[in-house]
Amino acid sequence: MNKYLDYQSSKPVDPRVVKAIIPYLHDKFGNPSSLHKTGDDATEILEESRQTIAGFINADKDEIIFTSGATESNNLGIIGFALRNKEKGNHIIISEIEHISIHNIAKYLGKFGFTVSKVPVDQYGRVSLKKIKERITDKTILISIGYANNEIGTIQPISEIGKLCREKNITFHTDAVAAEGLIPIDVKKDNIDLMTLSSNDIYGPKGIGILYVRKGIRINSLMIGGGQERGLRSGTENMPGIVGMAKAVDIMEKKMKDEVKRFIDYRDQLVKNILEKIPKSYLNGHPVDRLPNNAHFRFDGIEGESLLLLMKDKGISVSTGSACSSKTLEPSHTLIALGLLHEEAHGSLQLTCGRFTGQEDIDAVVNALPGMVKRLRKLSPLYVEE
Ligand code: PMP
């Protein structure tokens, strides 16, 4: 049986979500733009779904724009905002450890005359308000800092950043994909202006997500077409995806508290056992302010990829970092930003648990990993035993 500990890369769709979606593939196939009854029915469920998702983050219904997922939401939020508000300033701040989509969006905006400052993080992956403040200029119009890091699991001081942005009259975007379903999110309390969420990260289908756009924040649309989603995201609504995301939210609202407790137990077992049983092993990311389901390690003298392949042979799925850039040979930009050397970054392994993780998955890792690390170190010219 496959032991799956890579929930950060992909999650199965909850069977209750699958069941909720099926009618919208055939029987309830209406297009919300149609004026007949079938269209009206689709509009009703579209707006109901929007309301459910808004409630999950303490937003208003009209502040939710459906997109095709997190990448698109990041594009719409950041590029859409930047192009709309260029006359107010051309400076944007992100952190060194943002998701690759944010780094590439920032680079793209360079072509339109924007400059981007990247705030460094400390050894645990936290950004500091002081370092953000030092980078703010009178041209800064947007700050985008991820709610929590999708690799090392470090949670950022979102409330404080939101407060700072509001005081300075700077718009605040956060990619909350890694945090959703694990940390309660309240856009009003945290002074968030723009926020990216995806459906699959809460056990909904892939290919659907939202951008939260606070009332009063003006953005340009990037998709030109029929004017759906208040003109901000043209294209016929993905009704099975939208219904699925709303159902996933519905389930998450009921389950999150208990799930988080269980994940913390699993995560802490992994951390304790692995650090105890494997010499010269270290935890990457923040020891306390970290996602409940994330354990991220570094082992001296070995390659994470070799470890991943040995685990694969044993039927255990783990990761060395973000799936979005796993096919490049470059070390993770997040791990390098923590101050790790290339060889240290390459010796890292990410374990993330989720709704369908059981104690047997944790036991399998704890039993297999120490022997594998030992074996690889015996073969490694890099490892010196003391
Ligand atoms: N942001 C974060 C933090 C992510 O982890 C990911 C990948 N799951 C994305 C954005 C991009 O998501 P997608 O590939 O679903 O568009």
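Refer to the preceding data block for the structure.
Notes on the structure in this doc start here. Every value quoted in this text rests on a predicted model; they were computed, and no experiment measured them.

We now examine the pattern of salt bridges. For the coordinates displayed, the defined rule picks out 21 salt bridges. We note a salt bridge from Arg 214 to Asp 193, for which the minimum N-O separation is 2.6 Å. Here Asp 193 lies in the loop between strand S6 (171–175) and strand S7 (194–198) and Arg 214 lies in the loop between strand S8 (209–213) and helix H7 (239–277), a separation of 21 residues in the sequence. The buried category is assigned to Asp 193, whose relative accessible area is 2%.

Time to look at the nonpolar core. Membership of the largest hydrophobic core comes to 91 residues, with the highest contact counts inside it found for Ile 57, Phe 299 and Leu 369. Two domains each donate at least three residues to this core, and these are domain 1 (3–9 + 255–379) and domain 2 (15–251). With residues near it in sequence (within four places) discarded, Leu 369 still touches Ile 274, Ile 278, Phe 299, Leu 307, Met 311 and Leu 349. One finds Ile 65, Ile 78, Ile 92 and Leu 194 within the second-largest nonpolar core, a separate group that totals 21 residues.

Let us look at the site of the ligand. The full set close to the ligand counts 9 residues, and Ala 70, Thr 71, His 99, Asn 150 and Asp 175 are the nearest of them. Between an oxygen atom of the ligand and a side-chain N or O atom of Thr 71, the distance comes to 2.6 Å. For the ligand, the protein covers 76% of the area, taking 400 Å² as the surface of the free molecule. Top element by residues in the shell around the ligand is helix H3 (residues 70–84). It accounts for 3 residues. When its residues are assigned to classes, the shell around the ligand shows 3 nonpolar, 5 polar and 1 charged.

Attention now goes to helix H8 (residues 304–313). Of the residues making up H8, those classed as buried are Gly 304, Leu 307, Leu 310 and Met 311. When H8 is viewed along its axis, its buried side chains cluster within an angular range of 125° and face the same direction. Away from its buried face by more than 90 degrees, H8 exposes Lys 312 and Asp 313. Those residues of H8 that are buried lie in contact with strand S10 (294–299), strand S11 (316–317), helix H10 (342–346), strand S12 (348–352) and helix H11 (359–379). With its phi angle positive at about 80°, Gly 315 sits one or two positions after the end of H8.

Thresholds, definitions, all that
- Residues numbered from 1 in each chain as written.
- Predicted model: local features only at pLDDT ≥ 70, side-chain atom pairs only at ≥ 80, totals over all residues.
- Heavy atoms only, no water.
- Salt bridge = Lys/Arg side-chain N within 4 Å of Asp/Glu carboxyl O.
- Helix = DSSP H or I, 4+ residues; strand = E, 2+ residues; numbered from the N terminus.
- Buried < 20%, exposed > 50% of the residue type's maximum accessible area, 1.4 Å probe, protein only.
- Core = buried A, V, L, I, M, F, W, Y, C linked by side-chain atoms within 4.5 Å.
- Domains from an automatic or database assignment.
- Contact = heavy atoms within 4.5 Å.
- Near = heavy atom within 4 Å.
- Polar contact = N/O pair within 3.5 Å; in protein donor to acceptor, adjacent residues only side chain to side chain.
- Areas by Shrake-Rupley, 256 points an atom, 1.4 Å probe, with all protein chains shown as cover.
- Nonpolar A, V, L, I, M, F, W, Y, C, P; charged D, E, K, R; others polar.
- Arc of directions from axis to C-beta.

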